[in-house]
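# Results of the structural survey
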Amino acid sequence: MNAVTYAAKDFKSDVKPVWCPGCGDYAVLSSITKAFADLGLKPHETSVVSGIGCSSRIPAYTNTYGFHSIHGRALAVGQGLKLARPDLTVLVAGGDGDGFSIGGNHFLHACRRNVDLTYIVMDNRVYGMTKGQPSPTTESDWDASAMAPPGGTGMTPFHPLAIALAAGANFIARGFSGDPNGTAEIIAEAIRHPGFSFVAIMSPCITFREEQREWKETMRKVGMEPTTDSAQAARRLMTDDGYNCGVLYRGNRVSYGKDKIASAAVSDLDAEFTL
Amino acid sequence: MSGSPDFKAITSTAELFAIVRLMEESSAERYRELAEAFEISCNNLETAEAFRALAEGEDRHAAEFPAPVGPLGALKPWGEEDPEIADPGAVHYLMYPWHAYDLALRHEQETLAIFTALADATTIPEVKAEALRLVEREKGHMDRMRELRDIQPIPPDDWDEDDDPPNWEASD
């Protein structure tokens, strides 16, 4: 008897997304479910954890275990889940504001800790759910909304891939929602790769950043093989203009937790606290 | 981000049918997503209905091809961009049903171009014959889509002007 296999649609729930028409997150949802199916995962062996924001609604739209957690803390929840249930495939997802501002510190230390999970950030360089404030990845001079300061924030945009490398992430890639098949392949590779895998997916917010429609023309496949050399990856990322898609770095660090997963029975742990 | 079509990847009519069915199914899924988005997020019910009708049409097109038996390999002969699947970046929250059918017409045109190129490029007689049949089929789809578009009310010139836009300026 063959084992049951699941198609991408089996990983989608019956809850209908409330994203705007044309939002890139629809395609990211499709890429995630396609990657799950291509990897032969099962819904009950998979979990999607998120924070807060438009893209963080994604656990509701997937038919897996899920946790729509609190703002910026998705990685904390996801790491805890993976350490408690190493048998689960854990995918953490959210947006650039959730992940790099409110959750910026968790991001740094999740890279360092290198728990075996995949972190997807749907980056649209704006806080969409709260109507268009600049996020950490917003261009410093963007002021097309009254929600932005005149002349822009004047702050250098956060470079999540370079920071992930510096902090110790074990796999670094960039995808584009306009290339859902290519993005699905990247996500599948990220899940397969041991340790903390970080995938930034450029996902246009055509409501508050209408000019991002042009990303379809500006995004390009990275023209070189991924490197396992962090120094070489650093040089590449420091000259990266934010439009190169593909796997940029594959590290070989050992995942956190291989030797730290609790092996004691719950009754033994209880006994330690007996007065 | 587009890749060049790899017509040599299609080595049999069975593979071609599987690819076309997958294209139609994916297209139906995208139109259904758009229908839901226009209904749930925008309360633009007329355009939602147009996308729903397009999704049902694509469902019927998919059913014209046999479901493949067994697992499919990585069938992506058109590169990364499937011409049959609506580009989500091409929609606007204020668009009219006319625009929905016009978008669908453009995608049918692109699909026709792909099948025409396949018929020209393939060296396998059976695949060539089927590709030519698909060209005729797509011409029929285009005619039908043009009819459906042209019976819709034509949108006003200022259809995309919003008195209460998402990105309001400080002076508004």
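Residue positions are counted from 1 within each chain, in the order its sequence is given. Think of it this way: whatever chain is written first is A, whatever ligand is written first is 1, and the rest follow in order. Only residues with pLDDT of 70 or above have their local features reported here, since the model is predicted, and side-chain atom pairs are shown and tallied only from 80 upward, although totals for entire chains, interfaces and linings are computed over all residues. Hydrogens and water are ignored here; the side-chain numbers use all heavy atoms of the structure.

The name given to chain A in an unreviewed UniProt entry is 2-oxoglutarate synthase, with the source organism recorded as Paramagnetospirillum marisnigri.

As a further point, take helix H6 (residues 160–167) of chain A. All names here are of chain A. Burial within H6 is extensive, with six of its eight residues counted as buried. Those residues of H6 that sit buried are Pro160, Leu161, Ala162, Ala164, Leu165 and Ala167. Packed against the buried residues of H6 are helix H4 (96–102), helix H5 (104–113), strand E5 (171–176), strand E6 (196–202), helix H9 (230–238) and strand E8 (244–250). Phi turns positive, to about 110 degrees, at glycine 168, one or two residues after H6. Burial classification: accessible surface area is computed with a 1.4 Å probe over protein chains only, and a residue below 20% of its type maximum counts as buried, one above 50% as exposed, and the rest as partly exposed. The way it works is that DSSP assigns letters per residue, a run of H or I at least four long becomes a helix, a run of E at least two long becomes a strand, and they are numbered from the N terminus. Contact criterion: two residues are considered in contact whenever any of their non-hydrogen atoms come within 4.5 Å of each other.

Our focus in this paragraph is the pairing of E6(A). All names here are of chain A. Of all seven residues that make up E6, seven are buried, and the element is covered over most of its length. Residues Phe196, Phe198, Ala200 and Met202 point to one face of E6 and Ser197, Val199 and Ile201 to the other, with burial holding for every one of them. Note on pairing: two strands pair once DSSP finds at least 2 bridges between them. With seven bridges connecting them, strand E4 (residues 117–123) and E6 associate as parallel partners. Looking at the pairing, threonine 118 lines up with serine 197 of E6. Of the pairings in the sheet, the one linking E5 to E6 comprises six bridges and is parallel in character. Looking at E6, one finds that phenylalanine 171 is bridged to serine 197.

The geometry of a pair of packed helices is captured by two quantities: the angle between their axes and the separation between those axes. All names here are of chain B. Axis definition: a line fit to C-alpha positions, over the contact stretch in the case of helices; interaxial angles, taken between N-to-C directions, run 0 to 180 degrees. At a closest axis distance of 8 Å, the pairing of helix H2 (residues 45–63) and helix H3 (residues 97–121) adopts a crossing angle of 30 degrees. One element, H2, and the other, H3, form an angle in the roughly parallel class. Where H2 crosses over H3, the handedness of that crossing is right-handed. Listed contacts from H3 to Glu46, Thr47, Ala50, Phe51, Ala53, Leu54 and Glu58 of H2 are Pro97, Ala100, Tyr101, Leu103, Ala104 and Glu108. Reported orientations rely on four angle classes, namely roughly parallel under 35 degrees, roughly antiparallel over 145, roughly perpendicular from 65 to 115, and oblique for the rest. In this scheme the handedness of a crossing depends on how the near helix is turned from the far one: anticlockwise by less than a right angle means left-handed, clockwise means right-handed.

The next subject is H5(A). Residue and element names in this part refer to chain A. Where H5 is concerned, the buried positions are Gly104, Phe107, Ala110 and Cys111. For H5, the buried positions fall inside an angular range of 125 degrees around the axis, keeping them on one side. Residues of H5 that are exposed and point over 90 degrees away from its buried face: Asn105 and Arg112. On its buried face, H5 sits against helix H3 (74–84), H4, E4, H6 and E6. One or two residues past the end of H5 sits asparagine 114, with phi positive at roughly 65 degrees. Working definition: the arc comes from the directions between the helix axis and the C-beta atoms, pointing outward to the latter.

In this section: the packing of H3(A) against H5(A). Residue and element names in this part refer to chain A. Here H3 crosses H5 at 30 degrees, and the two axes come no closer than 9 Å. Viewed along their axes, H3 and H5 adopt a mutual orientation that is roughly parallel. Of the residues in H5, those in contact with Leu75, Ala76 and Gln79 of H3 are His106, Phe107, Ala110 and Arg113. Each residue belonging to the contact of H3 with H5 can be placed in one class, and the counts come to four nonpolar, two polar and one charged. Residues are sorted three ways: Asp, Glu, Lys and Arg are charged, Ala, Val, Leu, Ile, Met, Phe, Trp, Tyr, Cys and Pro are nonpolar, and all the rest, Gly among them, are polar.

Once that is clear, we can look at the UniProt feature "domain: Thiamine pyrophosphate enzyme TPP-binding" (unreviewed entry) in chain A. UniProt positions are given in the numbering used here, feature names are shortened, and annotations may be inferred rather than shown by experiment. When the UniProt feature table is mapped onto this chain, "domain: Thiamine pyrophosphate enzyme TPP-binding" (unreviewed entry) is found at residues 52–200 of chain A. Helix makes up 36% of residues 52–200 of chain A and strand 19%. Its end C-alpha atoms lie 17 Å apart.

Our next topic: the interface of chain B and chain A. Taken together, the contact between chain B and chain A spans 24 residues of the former and 29 residues of the latter. For the pairing of chain B and chain A, the buried interface totals around 2,300 Å² over both sides, and the portion due to carbon and sulfur atoms is 54%. Here, a salt bridge means any side-chain nitrogen of Lys or Arg that lies within 4 Å of a carboxyl oxygen of Asp or Glu. Scanning the region where chain B abuts chain A turns up three salt bridges. With its nearest N and O atoms 2.6 Å apart, the salt bridge here joins A:Lys12 to B:Glu29. By the criterion applied in these results, polar contacts are pairs of N or O atoms within 3.5 Å in which, for protein atoms, one can donate a hydrogen and the other can accept it, and in which residues neighboring in sequence qualify only through two side-chain atoms. At the surface where chain B touches chain A, the tally comes to six residue pairs in polar contact (both at pLDDT 80 or more). In terms of residue class, the side of chain B that touches chain A is made up of twelve nonpolar, four polar and eight charged. Here the quantity called buried area is the accessible surface, traced with a 1.4 Å probe, that two parts lose on coming together, added over both.

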